[in-house]
Amino acid sequence: MTENKIYDQNDTLRGFTEALGSALPAPGGGGAAALCGALGTALLNMVGSLTTGKKRYAASEEDIQRMMAEGKTIADALLECIRRDAEDFLPLAAAYGIPKDDPKRAEVLERETMRALGAPRKMLDLICRASEFLMDYYQKGSRLAVSDVGCAAAMLRAAADAASLNVYINTKALTDRTTAETVDFETKWAVDRVRERADRVYELVLNDLKEGR
């Protein structure tokens, strides 16, 4: 029987990947979404690191430093979401094992489903915040790292899409449809914002890289 353990974000990336590809109940899509968002955010911070201190970009120094500080906070919080997503999912998985004739089953499932919504909603909020920096990094960051801004845009969009699916699979199971519809609305709003920002910057970067060919 597979051990019911949680991946520690302090483990190696190889360990995370192996755990992700195994029959362990966690990490899963939520943890992968959080990692993808953290990597996209870290890429933006890399662009900031390559920009700050350069005379050519002195006018943007204050903005870059501010974005880097917030980006570090966001990336750290997204990595923490890997653990939180796993910890919140395990009780839900256990709840599905409650006999269907148990009168408390529905109540427990509803409670644990709401709990499982916490991490993907949090990561989506963080990803949305990180996406606010995309255009600024494209306009103010080192031109030597413009492709990395495009990569960050692609990763943040993918992370938002993945996080949203981990919301929707849980809201679908809620019996409280009013709450489910509210959460779905908020989720769609956040994903739309990320897609709008990410797609715009990605196309700008792609056009820059293809110019003169």
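As a reminder, the structure under discussion sits directly above these lines.
The structure displayed is predicted, hence computed values, not measured ones.

Engineer: What's the story with helix H4 (residues 105-116) in this structure? I'm lost.
Structural biologist: Since there are 3.6 residues in each turn of an α-helix, residues three or four apart along the chain are aligned in direction. With 12 residues, H4 ought to run about 16 Å at 1.5 Å a step, and its terminal C-alpha atoms sit 16 Å apart, in line with that. Among the residues of H4, Arg 105, Val 108, Leu 109, Glu 110, Glu 112, Thr 113 and Ala 116 are the ones counted as buried. Check the buried side of H4 and you find it contacts helix H3 (61-95), helix H5 (118-131) and helix H7 (146-171).

Engineer: Help me out: how do you make sense of H5 in this one?
Structural biologist: For H5, with 14 residues, the first-to-last C-alpha span of 20 Å sits near the 20 Å given by 1.5 Å per residue. In terms of residue burial, H5 counts as a mostly covered element, since 10 of its 14 residues are buried. Among all positions of H5, only Gly 118, Ala 119, Pro 120, Met 123, Leu 124, Leu 126, Ile 127, Cys 128, Ala 130 and Ser 131 are buried. Its buried side turned inward, H5 meets helix H2 (29-51), H3, H4, helix H6 (134-140), H7 and helix H8 (177-210).

Engineer: Help me understand the nonpolar core, please; the structure alone is not making it clear to me.
Structural biologist: A general tendency of soluble globular proteins is for nonpolar side chains to be buried together. Leu 44, Met 123, Ile 127, Leu 134, Tyr 137 and Val 201 are the most contacted members of the largest nonpolar core, which has 43 residues in total. If you list the elements that add at least two residues to this core, you get H2, H3, H5, H6, H7 and H8. The next biggest cluster of nonpolar side chains, apart from the first, holds six residues, and it includes Leu 92, Ile 98, Leu 109 and Ala 116.

Engineer: What am I meant to see in the side chain of Asn 170 here?
Structural biologist: Structurally, Asn 170 is set in helix H7. Taking relative accessible area as the criterion, Asn 170 reaches 10% and is therefore assigned buried. The residues touching Asn 170, leaving out its near neighbours within four places in the chain, are Leu 92, Thr 113, Ala 116 and Leu 117.

Engineer: Would you mind showing me how to read the side chain of Arg 105 here?
Structural biologist: Mapping Arg 105 onto the fold places it in helix H4. The buried charged residue Arg 105 lacks any salt bridge partner; its closest oppositely charged side chain belongs to Asp 101, at an N-O distance of 7.8 Å. Within the local environment of Arg 105, its side chain forms a polar contact with the backbone oxygen of Ile 98, the two atoms lying 2.7 Å apart. Setting aside its immediate chain neighbours within four residues, Arg 105 contacts Ala 95, Tyr 96, Ile 98, Pro 99 and Lys 100.

Engineer: What exactly am I supposed to notice about unusual backbone geometry here?
Structural biologist: Note on backbone geometry: most residues besides glycine have negative phi, and most peptide bonds are trans. With omega at 10°, the peptide bond leading from Ala 26 into Pro 27 counts as cis. Here Pro 27 lies in the loop between helix H1 (13-20) and H2.

Engineer: Hey, could you run me through the pattern of salt bridges in this one?
Structural biologist: Opposite charge on two side chains makes pairing possible when the charged atoms of those side chains draw close. Within the structure shown, the criterion is met by 16 salt bridges. One salt bridge in this structure joins Glu 196 and Arg 193, with 3.7 Å as the shortest N-O distance. Note that Glu 196 and Arg 193 are positioned in helix H8 at a spacing of three residues, about one turn of the helix. A relative accessible area of 22% means that Arg 193 is categorised as partly exposed. Overlapping salt bridges, with partners in common, bring together Arg 84, Asp 88, Arg 111, Glu 112 and Arg 115 in one network.

Cut-offs and rules
Residues numbered from 1 in each chain as written. Predicted model: local features only at pLDDT ≥ 70, side-chain atom pairs only at ≥ 80, totals over all residues. Heavy atoms only, no water. Helix = DSSP H or I, 4+ residues; strand = E, 2+ residues; numbered from the N terminus. Expected span 1.5 Å × (residues − 1). Buried < 20%, exposed > 50% of the residue type's maximum accessible area, 1.4 Å probe, protein only. Contact = heavy atoms within 4.5 Å. Core = buried A, V, L, I, M, F, W, Y, C linked by side-chain atoms within 4.5 Å. Lys, Arg positive; Asp, Glu negative; His and termini not counted. Salt bridge = Lys/Arg side-chain N within 4 Å of Asp/Glu carboxyl O. Polar contact = N/O pair within 3.5 Å; in protein donor to acceptor, adjacent residues only side chain to side chain.

So far we have only geometry, and geometry alone does not tell us how the molecule works.
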